[in-house]
Amino acid sequence: MKQVLHSFGMSECKSAPTPAPEGQVLTKAMCPVTELEKRKAATFPYQSIIGKLLYLRITRPDMLQIISKLASFSACWGVAHWKAAKYVLRYLKGTMEYGLLFNSTGKSLRDKWKLEMYVDSDYASDVDTRKSRAGYLIYLNGNLISYRSCLQPGKVDIATGTCEAEYKALSLSLKELTWIRMLLDTMYIDIDTPMMIWEDNQAAINLSVNASAAKRTKHIAVRHHFIREFYDEGLIDIRYIPTRSQTADILTKSLGPRIFKLFRDKIVSDRKLYLSS
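Predicted, not measured: the structure shown is a model, and the values here were computed from it.

Colleague: Looking at this model, I keep getting lost on the overall build of the chain. Mind explaining?
Modeller: In terms of regular secondary structure, the chain is built from 10 helices and 9 strands. Computed over its C-alpha atoms, the radius of gyration of the chain comes to 20 Å, within 12% of the 19 Å expected for a compact globule of 277 residues. When the backbone C-alpha atoms are referred to their principal axes, the chain occupies close to 60 × 50 × 35 Å. The buried share of the chain, reckoned over its 277 residues, is 49%. Within the chain, contacts between residues at least 6 apart in sequence are counted, and of these 75% link residues at least 24 apart. As displayed, the chain has an accessible area near 14400 Å², and 55% of this comes from carbon and sulfur atoms. Of the side-chain charges in the chain, 40 are positive and 28 negative, and the distance between the mean point of each set is 6 Å.

Colleague: I would appreciate a short explanation of helix 9 (residues 257–267) in the present structure.
Modeller: Those residues of helix 9 that sit buried are Ile 259, Phe 260, Phe 263, Arg 264 and Ile 267. One side of helix 9 holds all its buried residues, which, seen down the axis, span an arc of 130°. The inward-facing, buried residues of helix 9 abut helix 5 (79–94), strand 1 (98–99), strand 4 (133–140) and strand 5 (143–151).

Colleague: Help me understand the packing of helix 3 (residues 46–56) against helix 4 (residues 64–71), please; the structure alone is not making it clear to me.
Modeller: Helix packing geometry: the angle between the two helix axes and the distance between the axes. Following both chains from N to C, one finds helix 3 and helix 4 inclined at 145°, their axes separated by 10 Å at the closest point. Along this stretch, helix 3 crosses helix 4, giving a crossing that reads as left-handed. Contacts between helix 3 and helix 4 involve Tyr 46, Ile 50, Leu 53 and Leu 54 from the former and Ile 67, Leu 70 and Ala 71 from the latter. Residue composition of the contact of helix 3 with helix 4, by class: 7 nonpolar, no polar and no charged.

Colleague: I tried to follow the environment of Arg 239 on my own but got confused; where do I start?
Modeller: Relative to the elements of secondary structure, Arg 239 occurs in strand 8 (residues 236–240). Counting along the chain gives 37 residues from Arg 239 to Gln 202, while the straight-line C-alpha distance between them is 9.0 Å. In this structure, Arg 239 is in contact with Met 196, Ile 197, Trp 198, Glu 199 and Ile 205, ignoring residues within four places of it in sequence. A polar contact of 2.8 Å, which involves the side chain of Arg 239, links it to the side chain of Asp 237.

Colleague: Looking at this model, I keep getting lost on the packing of aromatic side chains. Mind explaining?
Modeller: According to the stated counting rule, one finds 6 aromatic pairs in the structure shown. Pairing Tyr 91 with Phe 260 gives two aromatic rings, centres 5.6 Å apart and planes at 80°, and the pair type is edge-to-face. Pair noted here: Tyr 91 is in helix 5 and Phe 260 is in helix 9, with a separation of 169 residues, a long-range link. Owing to a relative accessible area of 0%, Tyr 91 belongs among the buried residues under this scheme. For the pair Phe 226 and Phe 230, a centre-to-centre distance of 5.6 Å together with 80° between the ring planes defines the contact as edge-to-face. Within this pair, Phe 226 and its partner Phe 230 are both found in helix 8 (residues 226–232), separated by 4 residues, close to a single helical turn. Residue class for Phe 226 comes out buried when judged on its relative accessible area of 17%. Members of the aromatic cluster, joined through ring pairs, are Tyr 118, Tyr 139 and Trp 198.

Colleague: Please clarify how helix 5 should be interpreted in this entry.
Modeller: Because an α-helix packs 3.6 residues into every turn, residues spaced three or four apart end up facing the same way. With 16 residues, helix 5 should cover 22 Å at 1.5 Å per step; its first-to-last C-alpha distance of 23 Å lies within 8% of that length. Listed as buried for helix 5 are His 81, Trp 82, Ala 84, Ala 85, Tyr 87, Val 88, Leu 89, Tyr 91 and Leu 92. Residues of helix 5 that are buried make contact with helix 1 (2–7), helix 3, helix 4 and helix 9.

Here is what the cut-offs are and how they apply
- Counting from 1, residues in each chain are numbered in the order their sequence is written.
- pLDDT decides what is reported in this predicted model: residues at 70 or higher carry local features, side-chain atom pairs at 80 or more are listed and counted, and totals for whole chains, interfaces and linings draw on all residues regardless.
- Side-chain figures throughout are based on the complete set of non-hydrogen atoms in the structure, without hydrogens or water.
- Secondary structure elements are defined from DSSP: runs of H or I of at least 4 residues count as helices, runs of E of at least 2 residues count as strands, and each element is numbered from the N terminus.
- It is over C-alpha atoms that the radius of gyration is taken, and the globule rule equals 2.2 Å times the number of residues to the power 0.38.
- The classification of residues rests on relative accessible area computed with a 1.4 Å probe and restricted to protein chains. Under 20% of the type maximum is buried, over 50% is exposed, and intermediate values are partly exposed.
- Residue contacts are defined here by distance: any two heavy atoms, one from each residue, within 4.5 Å place the two residues in contact.
- Where accessible areas are quoted, they stem from the Shrake-Rupley method and a 1.4 Å probe; at the residue level, only the protein chains shown are allowed to cover.
- In this tally Asp and Glu are treated as negative and Lys and Arg as positive; neither His nor the chain ends contributes.
- By convention, charge coordinates are those of NZ in Lys, CZ in Arg, CG in Asp, or CD in Glu.
- To obtain the arc, one takes the directions from the helix axis to the C-beta atoms.
- Angles run from 0 to 180 degrees between N-to-C directions of axes, and those axes are lines fitted to C-alpha atoms, restricted for helices to the stretch in contact.
- Crossing handedness: left-handed means the near helix sits turned counterclockwise from the far one by under a right angle, and right-handed means the same turn made clockwise.
- Each residue gets one of three labels, nonpolar for Ala, Val, Leu, Ile, Met, Phe, Trp, Tyr, Cys and Pro, charged for Asp, Glu, Lys and Arg, and polar for the others, Gly among them.
- Polar contact is defined as a pair of N or O atoms within 3.5 Å, subject to the rule that within protein one atom must be able to donate a hydrogen and the other to accept it, and that residues adjacent in sequence are counted only when both atoms are side-chain atoms.
- Put simply, two rings from Phe, Tyr or Trp (the six-membered ring, in Trp's case) pair if the centres are within 6.5 Å, and we call them stacked under 30 degrees between planes, edge-to-face over 60, tilted for the rest.
- The span one expects for a helix is its residue count, reduced by one, times 1.5 Å.

Following this line, the structure appears as structure tokens:
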């Protein structure tokens, strides 16, 4: 990480409390238009900085949302995008000792292991496409093993409401949860069921577990309704969690310093504090 900061001349920069300012908006409209603007943008090593950040995100889910957003401008970037990328480095400056921490749980192959997931969505947050951003965190015995922040896929299947956006985020994340469960099954690891899913939208939960809600949701593609099948079979249980406690919120939007730190400390750890304890 020190090499990354050094390569962009930011070894002595002032640290930032978050990877991005709260409520930051980046759009294609900020890309250069005139030849002068294009020549200026070409002097910024934007793709290089994004490449290094994409590598760092493997162990830094706290920066995943903004890195995913910045990467979408790799083909065309402007001054605003370059400044936003440098702001991420300022955050990195103050958190170089942070990373994923895996604790021993004492579980053996004879025990049932626990899979649980936090999932969230930020409705129509992408200004250019009005797609919603989904994010999820998957834990195995309390250790974070899988995470993602992305715009919900599909060119014509765009969520038209908050409930629909949250429901489609559930669908997207459940596929990953199912794959992990199948992978663990090949290792003869027995997973405790139902697997717990934490969601902060009551309407999306009701749509997932209540078959009578289908009459009002015919506009939602059928391929998303496998969530209800998993619930009916007892494989998953979807529980409500208040937004203020929804850790996956850190993967969907730029948060303020106080709430960001609260969620960050739940998914990554300061190595210095761990070694000193």
